Amino acid sequence: SLTNHWALYRRTYGNPQTTKVDFEVKFQRQLDGAAPAIYQLAAEEMAVFCLVSFEGAIGSKRKHEMVSEILAWGGVGEPIPEEIEASFKTGLVHPGTAYNTRKPFQLWFLLDFVRTIKKLPIEEREKTLRDPVRLRELMFSLEPNSAQTMQEALLHLVLPDHFEAITSRDDKKALIEALGSPVSDGSLD
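The rules behind each value
Residues numbered from 1 in each chain as written. Predicted model: local features only at pLDDT ≥ 70, side-chain atom pairs only at ≥ 80, totals over all residues. Heavy atoms only, no water. Helix = DSSP H or I, 4+ residues; strand = E, 2+ residues; numbered from the N terminus. Rg over C-alpha atoms; globule rule 2.2 N^0.38 Å. Buried < 20%, exposed > 50% of the residue type's maximum accessible area, 1.4 Å probe, protein only. Areas by Shrake-Rupley, 256 points an atom, 1.4 Å probe, with all protein chains shown as cover. Lys, Arg positive; Asp, Glu negative; His and termini not counted. Charge placed at Lys NZ, Arg CZ, Asp CG, Glu CD. Contact = heavy atoms within 4.5 Å. Expected span 1.5 Å × (residues − 1). Phe/Tyr/Trp six-rings, centres within 6.5 Å; stacked < 30°, edge-to-face > 60°. Lys NZ or Arg CZ within 6 Å of the ring centre and 35° of its normal. Axes fitted to C-alpha atoms, helices over the stretch in contact; angles between N-to-C directions. Parallel < 35°, antiparallel > 145°, perpendicular 65-115°, else oblique. Nonpolar A, V, L, I, M, F, W, Y, C, P; charged D, E, K, R; others polar. Salt bridge = Lys/Arg side-chain N within 4 Å of Asp/Glu carboxyl O.

K.L.:
Just to check I follow, could you spell out the overall build of the chain for this structure?
P.N.:
Counting its regular elements, the chain contains 11 helices and 0 strands. What you see for the chain is a C-alpha radius of gyration of 17 Å, in line with the 16 Å of a compact globule of 189 residues. Principal-axis analysis of the C-alpha atoms places the extent of the chain at approximately 55 × 40 × 35 Å. The proportion of buried residues among the 189 residues of the chain is 38%. As presented, the chain carries roughly 10400 Å² of accessible surface, and 53% of it is formed by carbon and sulfur atoms. On the chain, the mean spot of the 22 positive side-chain charges and the mean spot of the 27 negative ones are 6 Å from each other.

This is the structure we're talking about:
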């Protein structure tokens, strides 16, 4: 529910942890005392974070541990669905060091995107999630705050037939420079 998204947003983005400890310690502190539904949502968000990384960047065993750990913190007994576990073995890209070191920013952006989509009336939401132009406009209307990788990855994850599995804007620009732009309007689409 949108209420749960707001609650998770307030606990994380609204309560940044600045101490020099591991992300997991900070995240557990932020979630401490939350309802099980908030832990479930946080685990789902972490699963999406894990979907982006190739097996070589974050191993499937570690991805499983990251999601299971959040569920355990909240006493949520739900197992990770088999199709999610299977996707942990592949992933989308090797997102680079910044993706992992700026994990909170990636998760905040994902949460912001989902909250924004959920605020739309159902008909508009469905149109946006099917239309690549509308989706890209909405995605780039959100401030990425160091989460450009998640921003680019979500485009592909939502509409894989329309957006390439490339999350590096530098790589996209290099391809356009090497191959020429398939569009004449100067956009990066």
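Now that the structure has been shown, the text picks up again.
K.L.:
Help me understand the environment of Leu 51 in this model?
P.N.:
Topologically, Leu 51 is positioned in helix 3 (residues 36-52). As a C-alpha pair, Leu 51 and Lys 173 span 122 residues in sequence and 24 Å in three-dimensional space. Ignoring anything within four residues of it in the chain, the contact list for Leu 51 reads Ser 87, Phe 88, Gly 91 and Leu 92.

K.L.:
Explain helix 7 (residues 103-119) to me, please; I cannot follow it from the model alone.
P.N.:
Helical geometry note: an α-helix holds 3.6 residues per turn, so side chains three or four residues apart project in the same direction. Relative to the 24 Å expected for 17 residues at 1.5 Å per residue, helix 7 spans 24 Å between its end C-alpha atoms, a close match to the ideal helical length. When you tally the buried positions in helix 7, you get 12 out of 17 residues, the bulk of the element. Among the residues of helix 7, those classed as buried are Lys 103, Gln 106, Leu 107, Trp 108, Phe 109, Leu 110, Leu 111, Asp 112, Phe 113, Arg 115, Thr 116 and Ile 117.

K.L.:
I tried to follow the packing of aromatic side chains on my own but got confused; where do I start?
P.N.:
In this description, an aromatic ring pair is defined by two values, namely the gap between the centres and the angle between the planes. Here the structure, examined in full by the defined rule, presents 7 aromatic pairs. Aromatic pair Tyr 13 and Trp 108: ring centres 5.0 Å apart, planes at 85°, arrangement edge-to-face. Pair noted here: Tyr 13 is in the loop between helix 1 (2-12) and helix 2 (23-31) and Trp 108 is in helix 7, with a separation of 95 residues, a long-range link. Each member of the aromatic cluster is reached from another via a ring pair, and the members are Trp 6, Tyr 9, Tyr 13, Phe 105 and Trp 108. The side chain of Arg 115 reaches across the aromatic face of Trp 6, ending 3.8 Å from its centre. When the ring centre of Phe 140 is taken as origin, the NZ or CZ atom of Arg 136, which lies over that ring, is 4.5 Å away.

K.L.:
Whenever I open this one, helix 4 (residues 60-73) confuses me. Can you help?
P.N.:
In this model, helix 4 (14 residues) spans 20 Å end to end at C-alpha, consistent with the 20 Å of a helix rising 1.5 Å per residue. In the stretch just after helix 4, Gly 75 is the one whose phi turns positive, near 70°.

K.L.:
Please clarify how the packing of helix 1 against helix 3 should be interpreted in this entry.
P.N.:
Each pair of packed helices can be summarised by the angle the axes make with each other and by the distance between the axes. Between helix 1 and helix 3, the shortest axis-to-axis distance is 10 Å and the interhelical angle comes to 80°. Accordingly, the angle class assigned to the pair helix 1 and helix 3 is roughly perpendicular. Here Asn 4, His 5, Ala 7, Leu 8 and Arg 11 of helix 1 come into contact with helix 3, specifically with Ala 37, Ile 38, Leu 41, Ala 42 and Glu 45. Here the residues of the contact of helix 1 with helix 3 are counted per class, giving 6 nonpolar, 2 polar and 2 charged.

K.L.:
So what exactly am I meant to see when it comes to the side chain of Lys 26 here?
P.N.:
Following the sequence through the fold, Lys 26 ends up in helix 2. Comment: no salt bridge for buried Lys 26; closest opposite-charge side chain is Asp 22, at 8.2 Å. Sequence-distant contacts of Lys 26, defined by excluding residues within four places in its chain, comprise Gln 17, Thr 19 and Val 21.

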